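Understanding the architecture of this molecule
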Amino acid sequence: AQTVTQSQPEMSVQEAETVTLSCTYDTSESNYYLFWYKQPPSRQMILVIRQEAYKQQNATENRFSVNFQKAAKSFSLKISDSQLGDTAMYFCAFYAGNNRKLIWGLGTSLAVNP
Amino acid sequence: DTGVSQDPRHKITKRGQNVTFRCDPISEHNRLYWYRQTLGQGPEFLTYFQNEAQLEKSRLLSDRFSAERPKGSFSTLEIQRTEQGDSAMYLCASSLADNQPQHFGDGTRLSIL
């Protein structure tokens, strides 16, 4: 069975600093996709970043970047220069072709403090 | 691209009543997903459509839940004989393809009295 594990239920960071959220997954598939989604309090789920497993280069999106370690089945999210608006739940999600649905982690609640 | 739209935003109803939610996906997206989310948890998959075909339904979904997407555009999710445990946020998402990012609506928050 495919699983996604986020081992940090809660994290906090000071504004302007860098924080890394961890995510590990388990699969026997070789081709798959990984996502980080952000859900601010009482607001919409938003895609942060996407990584294709066949790409060795780590995805980046402005202040957000990932450290994708395929052999270790690890997919961490780094947020640089944290801003107050980054306060949210962050979910790691996994997709493989044998499953039509995303497999979700339980989320990490990130608080950015002024 | 007007985004995924869900209606209503909030629904309060008495236990035992039926409720229906609507989702309008992004117009060119033929994949549509329904999720349920409770406080502090990740989204829980309910069902999935490709165009008008319902291709997958969670085994967690009881017979009280039904979803349709009659013309491959908007979708409805109906819950019959609501129970306290149905209280949750119901999220709809759409995508261009299975491996493409899903775009979410704001959700419908259901409260059962």
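For the structure given in this document, a descriptive report is provided here. Given the structure is predicted, the values throughout are model-derived calculations rather than measurements. Residue positions within a chain follow its written sequence, with the count starting from 1. As they are written, the chains are lettered A onward and the ligands numbered 1 onward, keeping that order. Residues qualify for local features only when their pLDDT is at least 70, as the model is predicted, and side-chain atom pairs are given and counted only at 80 or more; totals for whole chains, interfaces and linings, by contrast, use all residues. Hydrogens and waters are ignored; side-chain quantities use all the structure's heavy atoms.

1. Remarks on the overall build of chain B
As a reminder of what qualifies: A run of H or I in DSSP becomes a helix once it reaches four residues, and a run of E becomes a strand once it reaches two; helices and strands are each numbered from the N terminus. Both definitions apply: the radius of gyration is a C-alpha atom measure, and the globule rule equals 2.2 Å times residues to the power 0.38. The accessible surface values rely on the Shrake-Rupley method and a 1.4 Å probe; as for residues, cover is taken only from the protein chains in view. Only four residue types enter the tally: Lys and Arg on the positive side, Asp and Glu on the negative side, with His and both chain ends excluded. To locate a charge, take atom NZ for lysine, CZ for arginine, CG for aspartate or CD for glutamate.
What chain B contains, in helices and strands, is zero helices and eleven strands. Put simply, chain B runs from its N terminus to its C terminus through helices and strands in the order β-β-β-β-β-β-β-β-β-β-β. Relative to the 2.2 N^0.38 estimate, which gives 13 Å for 113 residues, the radius of gyration of chain B is 13 Å and therefore close to what a compact globule would have. The C-alpha extent of chain B, read off along each of the three principal axes, is 35 × 25 × 25 Å. Taken as a whole, chain B presents about 5700 Å² of accessible surface, with 43% of it coming from carbon and sulfur. Taking the 14 positively charged and 14 negatively charged side chains of chain B as two groups, their mean positions are separated by 6 Å.

2. Here we look at the side chain of Thr-27 of chain A
All names here are of chain A. We count it as follows: The cut-offs for exposure are 20% and 50% of the maximum accessible area for each residue type, with area from a 1.4 Å probe on protein chains only; residues under the lower value are buried, those over the upper are exposed, and the others partly exposed. A 3.5 Å cut-off defines polar contacts: any pair of N or O atoms within that distance qualifies, except that in protein one atom must be a possible hydrogen donor and the other a possible acceptor, and neighbouring residues in sequence count only when both atoms are side-chain atoms. When checking whether two residues touch, look at their non-hydrogen atoms; a contact exists if any pair is within 4.5 Å.
With respect to the helices and strands, the residue Thr-27 is situated in the loop between strand 4 (24-26) and strand 5 (32-39). Taking relative accessible area as the criterion, Thr-27 reaches 7% and is therefore assigned buried. Polar side-chain contacts of Thr-27 include one of 3.5 Å to the side chain of Gln-2. There is a polar contact of 3.0 Å between the side chain of Thr-27 and the backbone nitrogen of Glu-29. With residues near it in sequence (within four places) discarded, Thr-27 still touches Gln-2, Tyr-32, Lys-73 and Phe-94.

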